Amino acid sequence: MTIEEAQTVTYLPPPIQGNADYRNYKALRLQNGVTALLTQDVQSKHFAAAVSVTAGASCDPRSLPGLAHFTEHMCFLGSKRYPEENEYKHFLAQHGGKSNASTSMSHTTYQFDILADFGEQALDIFSNFFISPLFTRSGTAREVQAVDSENSKNLVSDGRRRLQVLKAL
């Protein structure tokens, strides 16, 4: 770590660990306010990462319902550094990986795992979704339809109906 990087990171107290937990943890806060928990498991053959942002369906403006979910979809479709729409998906598939994302009322969470040897490259692709996402015109049109389709499917779910009532309050 360089001196410049060290000045942008505040180390936080480590989490409380159980006696059987053999992993190494490092908690930190970046200069931009992002809090991270780094976990090392030297026995694992996989590398995994997740990002949870405090923007979910309850943050959607009334004039743009589904915006958080739409953003979730769009982030996986490329970035300035990795502009090919399916580059991330193909990279994960070629190296034993997978990804997923979900939007709740208060958070949107993005995650992936991959064989450990390919973790750094996957993390670079993944992190660039949040640094410089593309939000292309073709992707936008397609993902608006995908989110609308998911919403239509969920209209008959009592649990989803309850969430919509809560959101409307």
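Now for a look at the structure at hand. Quick caveat, the model's predicted, so the values are computed rather than measured.

## Description of unusual backbone geometry
Phase 1 of the analysis: For Phe 135, which is not glycine, the phi dihedral falls at a positive 50°.
Phase 2 of the analysis: On the secondary structure map, Phe 135 appears in the loop between helix H4 (119–131) and helix H5 (137–154).

## Comments concerning H4
Phase 1 of the analysis: An ideal rise of 1.5 Å per residue puts 18 Å on 13 residues; H4 measures up with 18 Å between its terminal C-alpha atoms.
Phase 2 of the analysis: When H4 is considered as a whole, its buried residues turn out to be Gly 119, Ala 122, Ile 125, Phe 126, Asn 128 and Phe 129.
Phase 3 of the analysis: Here the buried face of H4 lies against strand S4 (46–53), helix H2 (67–75), helix H3 (87–94) and strand S6 (108–115).

## Side note on the pattern of salt bridges
Where charged atoms from two side chains of opposite charge approach closely, those side chains can pair.
Phase 1 of the analysis: According to the stated counting rule, one finds six salt bridges in the structure shown.
Phase 2 of the analysis: One salt bridge in this structure joins Arg 23 and Asp 21, with 3.3 Å as the shortest N-O distance.
Phase 3 of the analysis: For Arg 23, a relative accessible area of 30% gives the class partly exposed.
Phase 4 of the analysis: Measuring nitrogen to oxygen at the nearest pair gives 3.4 Å for the salt bridge that ties Arg 81 to Asp 124. Within this pair, whereas Arg 81 is found in the loop between H2 and H3, its partner Asp 124 is found in helix H4, the two being separated by 43 residues in sequence.
Phase 5 of the analysis: Look at Arg 81 and you get exposed, because its relative accessible area is 54%.
Phase 6 of the analysis: Linked by salt bridges that have partners in common, Asp 21, Arg 23 and Asp 41 make up one network.

Scoring rules and cut-offs
The residue numbers shown here count from 1 along each chain, following its written sequence. For this predicted model, a pLDDT threshold of at least 70 governs which residues receive local features, and a threshold of 80 or more governs which side-chain atom pairs are given and counted, while totals over whole chains, interfaces and linings are taken from all residues. Think of the side-chain values as coming from all heavy atoms in the structure, minus any hydrogens and water. Numbering goes from the N terminus for both helices and strands, where a helix is a DSSP run of H or I of at least four residues and a strand is a run of E of at least two. Expected span of a helix: the number of residues minus one, times 1.5 Å. Exposure categories follow from relative accessible area, calculated using a 1.4 Å probe and restricted to protein chains: below 20% of the type maximum is buried, above 50% is exposed, and the middle band is partly exposed. Only heavy atoms matter for contacts: two residues are in contact if any of them lie within 4.5 Å across the pair. A carboxyl oxygen of Asp or Glu within 4 Å of a side-chain nitrogen of Lys or Arg is what we treat as a salt bridge.

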